[in-house]
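# Structural features, examined
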Amino acid sequence: STADDTADSSGSSGSDQTIISSSNQFKQLCSGLRPIKFNVIRTVLPVNLTQAGPLGLTVVDYKPPGMGNMAAGYARIAAVESNSQAHAAGLRVGDFITYPGTKGGVAIPVHIFTNTLSTFRPLVFDVLRPGLDFDALDSINRNNTR
């Protein structure tokens, strides 16, 4: 047995650990906690690929959870090759390929992108890049830990 195994909430072991021995202690500890909130930002980037040849990206059939048995999923970028057209255009893994002018609101089904559109030049589309607003998240977390 070590000192940490036998430490109590008085901190006699010198560690910052507290052993909770009852549900009332747990409820008391959790009563001051607030949920963490954060902003999800959506960046929409226009893409215009003009060179003939391979694009240098791999897309997958993404079907969002809770959408039932969709016949076709959305085209989502799974890989970007270095020094390719896709890399030069700033595409990233996780980007959704969307129709241009829809502000990222209408995703292109994967079969349409892979079977039809990927052979066109110039190939014009938008990508939706979901992400977190980390500055807002840091600010909120600092306020929650007061």
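Refer to the structure presented above.
Calculation criteria
- Residues numbered from 1 in each chain as written.
- Predicted model: local features only at pLDDT ≥ 70, side-chain atom pairs only at ≥ 80, totals over all residues.
- Heavy atoms only, no water.
- Helix = DSSP H or I, 4+ residues; strand = E, 2+ residues; numbered from the N terminus.
- Buried < 20%, exposed > 50% of the residue type's maximum accessible area, 1.4 Å probe, protein only.
- Contact = heavy atoms within 4.5 Å.
- Phe/Tyr/Trp six-rings, centres within 6.5 Å; stacked < 30°, edge-to-face > 60°.
- Lys NZ or Arg CZ within 6 Å of the ring centre and 35° of its normal.
- Salt bridge = Lys/Arg side-chain N within 4 Å of Asp/Glu carboxyl O.
- Polar contact = N/O pair within 3.5 Å; in protein donor to acceptor, adjacent residues only side chain to side chain.
- Core = buried A, V, L, I, M, F, W, Y, C linked by side-chain atoms within 4.5 Å.

### Focus: the side chain of Q85
- Mapping Q85 onto the fold places it in helix α2 (residues 85-88).
- The exposure class assigned to Q85 is buried, which follows from its relative accessible area of 10%.
- Beyond its immediate sequence surroundings of up to four residues, Q85 is in contact with L49, T50, Q51, A52, G53, P54, L55 and R121.

### Description of the environment of A107
- If you trace the backbone, A107 turns up in the loop between β4 (96-98) and α3 (110-115).
- For the pair A107 and F96, spaced 11 residues apart in sequence, the C-alpha to C-alpha distance is 6.8 Å.
- With near-sequence residues (within four places) excluded, A107 lies in contact with Y74, I97, T98 and Y99.

### What about the packing of aromatic side chains?
- This structure, assessed with the given rule, holds 2 aromatic pairs.
- For the ring pair F113 and F125, a centre distance of 5.7 Å and an interplane angle of 80 degrees mean the geometry is edge-to-face. One end of the pair, F113, is in helix α3; the other, F125, is in strand β5 (residues 123-132), with 12 residues separating them in the sequence. No difference in accessibility class separates F113 from F125, as the two residues are buried.
- One Lys or Arg, R76, reaches over the ring of Y62 and ends 4.8 Å from the middle of that ring.

### Describing the pattern of salt bridges
- All chains considered together, the criterion is met by 2 salt bridges.
- Close ionic contact of K63 with D61 constitutes a salt bridge, the shortest N to O distance being 4.0 Å.
- Notably, a salt bridge pairs R129 with D95, separated by 2.8 Å at the nearest N-O pair. Of this pair, R129 sits in strand β5 while D95 is found in the loop between α2 and β4, placing the two residues 34 residues apart along the sequence. No difference in accessibility class separates R129 from D95, as the two residues are buried.

### Some details on the side chain of D126
- The topology assignment puts D126 in strand β5.
- Assessed through its relative accessible area of 9%, D126 is described here as buried.
- Of the polar contacts made by the side chain of D126, one reaches the backbone nitrogen of G101; its length is 3.2 Å.
- With residues up to four places along the chain from it excluded, the contact list for D126 reads V44, L45, P46, V47, F96, I97, T98, Y99, P100, G101, T102 and K103.

### A word on the nonpolar core
- Grouped together as the largest cluster of nonpolar side chains are 17 residues, with contacts concentrated most on L57, V59, L91, I97, F113, L123 and F125.
- Elements with a contribution of two residues or more to this core: β1 (40-49), β2 (57-62), β3 (74-80), α3 and β5.
- The element contributing the most residues to this core is β5, with 3 residues.
- Every residue in contact with V59, bar those within four places of it in the chain, is listed here: R76, I77, A78, I97, V110, F113 and T114.

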